[in-house]
Amino acid sequence: MHEGGFFYQAFVYLSAAVIAVPVAKKLGLGSVLGYLIAGVLIGPFVFGFIGEEGQDVMHFAEFGVVMMLFLVGLELQPSLLWKLRSPILGLGGVQVIVASIIIFGSVMVFTSLPWQTALAIGLTLALSSTAIVLQTLSEKGLLKTEGGQNAFSVLLFQDVAVIPILAFLPLLAITEVGTTVGYESHTWIDSLPIVLRTLVVLGVIVSIIVSGKYLISPAFRLIAHTRLRELFTAAALLLVIGITILMTEVGLSPALGTFLAGVVLAQSEYRHELETDIEPFKGLLLGLFFIAVGASIDFQLIINNTGLIAIIVLGLVIVKLMVLYVIGNFFGMRMDNNLLFAFGLAQGGEFSFVLLSYALQNGVVTGTTANPLIASVAISMALTPLLMLLNEKLIQPYFGTKKEEDREADVIDEQNEVIIAGFGRYGSTIGRFLQANGTQATYLDMDPNNVDLLRKLGLKVFYGDASRHDLLNAAGAQAAKLLVVAVDYSDKALEIIETAKKHFPHLKIISRSKTWDDYFHMLDKDLHGVYREFSDVALRMAAEALSLIGYRSNQVHRSLKKFRKHDEEFLKQIVDSRHERKTFIKHSRQVIEDLEKMILDDIESVAKDKDLGWDITTIKEEFAPIIKKLKEENS
Amino acid sequence: MKVLILFAHPAFHKSKVNKVLVDDLSELQGVTFHDLYEHYPEFDIDVKEEQKLLSEHDCVIFQYPLFWYSTPSILKEWQDLVLEHGWAFGSQGNELKGKLFFCTITAGGPKQAYQIGAFHNLTINQLLTPLKQTAALCKMITLPPFVVHGTHAMEDDKILDFKNDYVGLLKTIVDDKLDIEKVRKLDYLNHYLIKEEL
């Protein structure tokens with residue numbers, strides 16, 4: 001059945017995802033569960049489209065977790081990370097230690113396994129699944145709540161804790177396996193003395209931070225200058241993969257490395273662009289990862305050991321749930337956040353697979369112990385979205401205190417009411433005026449030179465193409481109220497308008513137009529305002545011209561406004577009648593005719609003085625005879 | 001009877017009393033609330049549009065805070081431009097004939113300050129002379145003003161009292177229940193209810 005070809009595999013995975021995920025979403029189960037179900041369906045135990053190679057796919061797809069951490073880093077300003085230091089070290093540390101000890105204790109009490117095995121199991125099962133939890137939380141938009149942030153902190157600590165645990169496991173060996181099997185991270189660096197090794201590790205971390213700050217941004221600037229989109233994507237991928245290799249070389253967690261790089265780049269002007277480039281890869285790989293987890297669930301084993309595995313899963317979830325809840329309470333989390341935190345993290349994680357197979361290789365556990373555990377971990381991961389749904393729908397409404405006003409303000413995101421696309425001379429005037437009135441807008445610009453310059457002047461301008469809906473989304477279009485289109489290129493402006501209208505119909509849009517044709521096209525789009533870029537300036541200059549040859553300023557000023565109003569109404573009429581015209585030539589000829597007519601009209605009547613007010617011609621006509629009569633009578 | 005309120009406050013964002021007075025007025029049945037400074041930030045008053053509005057209503061109210069014993073400048077501009085000869089006045093100008101007219105004024109000082117010999121030396125009614133004569137020239141029926149005194153220091157519940165009185169007055173006018181002959185003799189329109197009971 002497994003033809004084995006790359007395309008065949010890709011076809012199976014992609015169709016499973018494309019079918020299962022929308023169905024799961026429709027049922028309110030979330031995408032993670034959809035992927036997992038898809039995995040189970042195509043796995044060896046249901047349809048059997050894929051066989052054991054699912055394991056390799058899983059290892060490959062774990063790279064999605066690395067990318068996810070990079071993206072999470074991009075969303076975190078360093079200052080915010082510093083604020084999170086206490087939950088990361090405190091909450092994370094306590095969670096890993098307490099959960100390990102309690103699981104270790106339970107295993108000791110309820111089984112006859114040796115203490116070394118029990119300890120390995122404790123350490124392994126204390127970890128939770130970064131991939132499932134972060135994906136589910138961000139899909140539900142809960143990542144920035146207190147519970148979400150704390151869950152993230154714990155997961156981050158666990159990602160780091162894996163490394164010492166990996167180093168520690170071989171010491172727990174109970175059976176002689178000949179030579180101890182090394183984990184793949186055992187590389188050249190292990191031959192170095194411990195002091196040197198620490199130095200190398202520290203050096204790598206520092207170099208990531210320093211180069212992120214001083215090297216990567218200029219490099220991206222150079223690449224952006226080529227204006228080749230795919231090159232930028234390639235560079236972003238290169239960055240993530242490069243860090244992964246580097247971190248693996250020195251035996252550190254690649255997720256930690258890319259996370260750090262993400263944090264450093266969070267302040268870069270290319271943040272939104274990087275986000276948009278990496279996001280689809282991350283999404284696909286994570287999806288693949290979840291499918292692989294689903295496919296790897298060994299149903300034969302589960303059927304043979306139903307009772308045992310049910311007890312392990314139930315025990316694991318309940319113990320972790322309680323430990324997390326108590327710790328959360330101890331750290332002063334409010335009820336609803338604490339419930340989210342506890343239910344979110346009550347599962348085994350993808351690291352459990354790695355640690356268990358490593359422990360197996362090193363003779364810390366036996367196959368009969370490890371296999372049911374691996375199955376249980378996979379099941380507990382699959383249960384997570386369901387548990388969170390249970391919490392959200394059944395438990396939270398009764399016990400949670402949903403106090404929205406208590407929620408901490410989002411510090412991570414730049415979320416403004418107004419987005420300005422195009423921040424050249426035109427857009428920056430708009431931005432400055434808004435700023436002068438206390439309204440901060442999110443600025444997007446496509447010209448790297450311009451972005452650099454404005455950044456140097458202290459303005460937070462983001463580099464990116466606003467006609468891409470994902471970039472608009474990253475700029476906060478979902479929550480914004482108004483989009484100001486001020487870009488220089490007409491086609492681009494129209495593209496941006498189309499994207500925004502399609503994906504963010506709630507946004508009000510006002511736009512700059514350069515030519516008559518743009519103006520007509522934009523009027524057709526039914527925007528909140530279309531502004532011909534030279535009309536106002538030209539009119540101001542015309543008014544000034546009249547003043548200079550002796551007209552009174554007030555008269556000229558009023559005439560200008562009258563003219564402008566008339567002009568705009570006239571153009572709207574042309575647009576309305578434009579649809580009836582068939583050919584382009586006819587159309588342009590008509591525009592010229594209309595223009596002529598407009599000019600002649602103006603000469604005839606429109607801006608005549610008497611329409612500008614304070615006209616006493618008729619008063620004179622009515623009262624002058626009466627006054628004359630009175631005078632005559634007096635004399 | 002349909003009521004048109006021409007509201008003029010150049011610094012409405014800083015206002016306290018008028019904010020309450022004006023709040024939700026546009027929701028009232030039969031009342032059109034027209035905010036001149038909001039509508040014409042550049043003073044380019046649309047004469048035809050304003051005249052159309054006037055024609056559609058039977059009672060016209062100028063509502064404004066007192067500035068230099070007079071209206072804010074846009075209301076003067078409005079008069080200059082909208083009340084055209086041959087439309088509002090003159091032998092052919094009868095469009096406003098028979099319509100009611102009065103002012104709703106907020107003033108910082110108390111009523112005692114607006115007396116002959118007191119701080120301001122003139123009463124509100126004396127200060128309104130040019131406006132009353134303008135209305136007379138346009139053949140309108142002028143009513144006494146509705147005045148909120150002492151806005152420089154006013155408690156919130158007191159503002160609400162005025163608001164309730166004002167809304168009550170507007171409803172009475174809309175329902176055609178105002179005894180015009182009776183209230184014309186009043187000093188301020190504020191007392192229309194009290195006098196009714198007497």
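It should be emphasised that the depicted structure is a prediction, and the values quoted were computed from it without experimental measurement.

Focus: the overall build of chain A
Phase 1 of the analysis: Summing up its helical and strand segments, chain A has 27 helices and six strands in all.
Phase 2 of the analysis: Across chain A, every contact between residues at least 6 apart in sequence was considered, and the portion connecting residues at least 24 apart equals 76%.
Phase 3 of the analysis: Taken as a whole, chain A presents about 32000 Å² of accessible surface, with 65% of it coming from carbon and sulfur.

Focus: empty space enclosed by the protein
Phase 1 of the analysis: In the structure shown here, the tally under the stated rule is five cavities of 30 Å³ or more.
Phase 2 of the analysis: One number sums up the size of the largest cavity: a volume of about 100 Å³.
Phase 3 of the analysis: What lines the largest cavity is a set of 13 residues, among which Phe62, Trp78, Leu83, Phe101 and Met140 of chain B lie closest to the centre.
Phase 4 of the analysis: The set of elements that each furnish at least two residues to the lining of the largest cavity consists of strand E3 (59-65), helix H4 (73-82) and helix H6 (129-137) of chain B.
Phase 5 of the analysis: The greatest single-element share of the lining of the largest cavity, amounting to three residues, is contributed by H6 of chain B.
Phase 6 of the analysis: A per-class count over the lining of the largest cavity returns eleven nonpolar, two polar and no charged.
Phase 7 of the analysis: Each pocket or cavity is described by its volume, and for the second largest cavity that value is around 50 Å³.
Phase 8 of the analysis: Tyr519, Val530, Tyr531, Arg532, Ser535, Asp536 and Glu568 of chain A are the residues that line the second largest cavity.
Phase 9 of the analysis: Breaking the lining of the second largest cavity down by element, the ones donating at least two residues are strand E6 (529-532) and helix H24 (535-548) of chain A.
Phase 10 of the analysis: By residue number, the principal contributor to the lining of the second largest cavity is E6 of chain A, which donates three residues.
Phase 11 of the analysis: Classifying every residue of the lining of the second largest cavity by side-chain character gives three nonpolar, one polar and three charged.

Remarks on the interface of chain A and chain B
Phase 1 of the analysis: At the interface, twelve residues of chain A touch eleven residues of chain B.
Phase 2 of the analysis: For chain A, the biggest contributors to the area lost against chain B are Lys561, Trp614 and Glu622 of chain A; these three give 51% of the whole.
Phase 3 of the analysis: Our enumeration of links across chain A and chain B arrives at four salt bridges.
Phase 4 of the analysis: The partner of aspartate 46 of chain B in a salt bridge is lysine 565 of chain A, with the nearest N and O atoms 3.0 Å apart.
Phase 5 of the analysis: Connecting chain A to chain B are seven residue pairs in polar contact (both at pLDDT 80 or more).
Phase 6 of the analysis: Elements that contribute at least two residues to the side of chain A that touches chain B include exactly helix H25 (553-578) and helix H27 (617-634) of chain A.
Phase 7 of the analysis: Considering every element that reaches the side of chain A that touches chain B, the biggest residue donor is H25 of chain A, with five residues.
Phase 8 of the analysis: Here the residues of the side of chain A that touches chain B are counted per class, giving four nonpolar, three polar and five charged.

Let's talk about the environment of leucine 560 of chain A
Residues and elements named next belong to chain A.
Phase 1 of the analysis: Turning to its location among the elements, leucine 560 is positioned in helix H25.
Phase 2 of the analysis: Leucine 560 sits 21 residues away from leucine 539 along the chain, and the two C-alpha atoms are 6.6 Å apart.
Phase 3 of the analysis: In this structure, leucine 560 is in contact with Leu539, Arg540 and Ala543, ignoring residues within four places of it in sequence.

Structural notes on the sheet that holds strand E4 (residues 482-485) of chain A
Residue and element names in this part refer to chain A.
Phase 1 of the analysis: Judged by pairing direction, the sheet is parallel, and its six strands sit side by side in the order E3-E2-E1-E4-E5-E6 without closing on themselves. Two strands close off the open sheet at either side, each with one partner strand: strand E3 (461-463) and E6. Across the sheet, the mean angle separating the axes of adjacent strands is 20 degrees when strand polarity is ignored.
Phase 2 of the analysis: Relative to E4, strand E1 (residues 418-421) runs parallel, the two sharing four bridges. Bridge pairing links isoleucine 420 to valine 484 in E4.
Phase 3 of the analysis: Running at roughly 155 degrees to E3, helix H20 (residues 448-456) makes contact with strand E2 (441-445) and E3 of the sheet.

Notes on the packing of aromatic side chains
Phase 1 of the analysis: Per the stated rule, a full pass over the model turns up 17 aromatic pairs over all chains.
Phase 2 of the analysis: Site record: aromatic cluster; members linked through ring pairs are Phe220, Phe232, Tyr270 and Tyr463 of chain A.
Phase 3 of the analysis: For arginine 85 of chain A, the ring lying beneath its charged end belongs to tryptophan 82 of chain A, and the centroid distance is 4.3 Å.
Phase 4 of the analysis: One cation-aromatic arrangement involves lysine 19 of chain B over phenylalanine 12 of chain B; the distance from NZ or CZ to the ring centre is 5.9 Å.

Some words on a negative patch on the surface
Phase 1 of the analysis: A grouping of Glu155, Asp157, Asp161 and Asp165 of chain B is seen on the molecular surface, where their side chains present a negatively charged patch.
Phase 2 of the analysis: Within the secondary structure, aspartate 157 of chain B is located in helix H7 (residues 156-174).

What about unusual backbone geometry?
All names here are of chain B.
Phase 1 of the analysis: In this structure, tryptophan 68 takes a positive phi of about 45 degrees despite not being glycine.
Phase 2 of the analysis: Mapping tryptophan 68 onto the fold places it in the loop between E3 and H4.
Phase 3 of the analysis: Its identity is not glycine, yet aspartate 176 carries a phi of approximately 65 degrees, on the positive side.
Phase 4 of the analysis: Structurally, aspartate 176 can be placed in the loop between H7 and helix H8 (180-183).

Examining the pattern of salt bridges
Phase 1 of the analysis: Within the structure shown, the criterion is met by 21 salt bridges over all chains.
Phase 2 of the analysis: Residues lysine 492 of chain A and aspartate 465 of chain A are paired through a salt bridge, measuring 3.0 Å at the closest nitrogen-oxygen approach. With lysine 492 of chain A in helix H22 (residues 490-503) and aspartate 465 of chain A in the loop between E3 and helix H21 (469-474), this residue pair connects regions lying 27 residues apart in the sequence.
Phase 3 of the analysis: The exposure class assigned to aspartate 465 of chain A is buried, which follows from its relative accessible area of 12%.
Phase 4 of the analysis: Residues glutamate 77 of chain B and arginine 558 of chain A are paired through a salt bridge, measuring 3.4 Å at the closest nitrogen-oxygen approach. With glutamate 77 of chain B in helix H4 and arginine 558 of chain A in helix H25, the pair connects residues from two separate chains. Here the two residues glutamate 77 of chain B and arginine 558 of chain A agree in accessibility, since each one is buried.
Phase 5 of the analysis: Connected through salt bridges with shared partners, the residues Asp488, Arg512, Lys514 and Glu533 of chain A form a single ionic network.

Cut-offs and rules
Residues numbered from 1 in each chain as written. Chains lettered and ligands numbered in written order. Predicted model: local features only at pLDDT ≥ 70, side-chain atom pairs only at ≥ 80, totals over all residues. Heavy atoms only, no water. Helix = DSSP H or I, 4+ residues; strand = E, 2+ residues; numbered from the N terminus. Contact = heavy atoms within 4.5 Å. Areas by Shrake-Rupley, 256 points an atom, 1.4 Å probe, with all protein chains shown as cover. 1 Å grid on protein atoms, 1.4 Å probe; cavity = no way out; pocket = protein on both sides within 12 Å on 5 of 7 lines; lining within 4 Å. Points joined across faces, edges and corners; volume = space filled by probe spheres on them. Nonpolar A, V, L, I, M, F, W, Y, C, P; charged D, E, K, R; others polar. Buried area = accessible area lost by both parts, 1.4 Å probe. Salt bridge = Lys/Arg side-chain N within 4 Å of Asp/Glu carboxyl O. Polar contact = N/O pair within 3.5 Å; in protein donor to acceptor, adjacent residues only side chain to side chain. Pairing = 2+ DSSP bridges. Axes fitted to C-alpha atoms, helices over the stretch in contact; angles between N-to-C directions. Phe/Tyr/Trp six-rings, centres within 6.5 Å; stacked < 30°, edge-to-face > 60°. Lys NZ or Arg CZ within 6 Å of the ring centre and 35° of its normal. Patch = residues over 30% accessible without salt bridge, like charges linked within 9 Å, V, L, I, M, F, W, Y side chains within 5 Å. Lys, Arg positive; Asp, Glu negative; His and termini not counted. Charge placed at Lys NZ, Arg CZ, Asp CG, Glu CD. Buried < 20%, exposed > 50% of the residue type's maximum accessible area, 1.4 Å probe, protein only.

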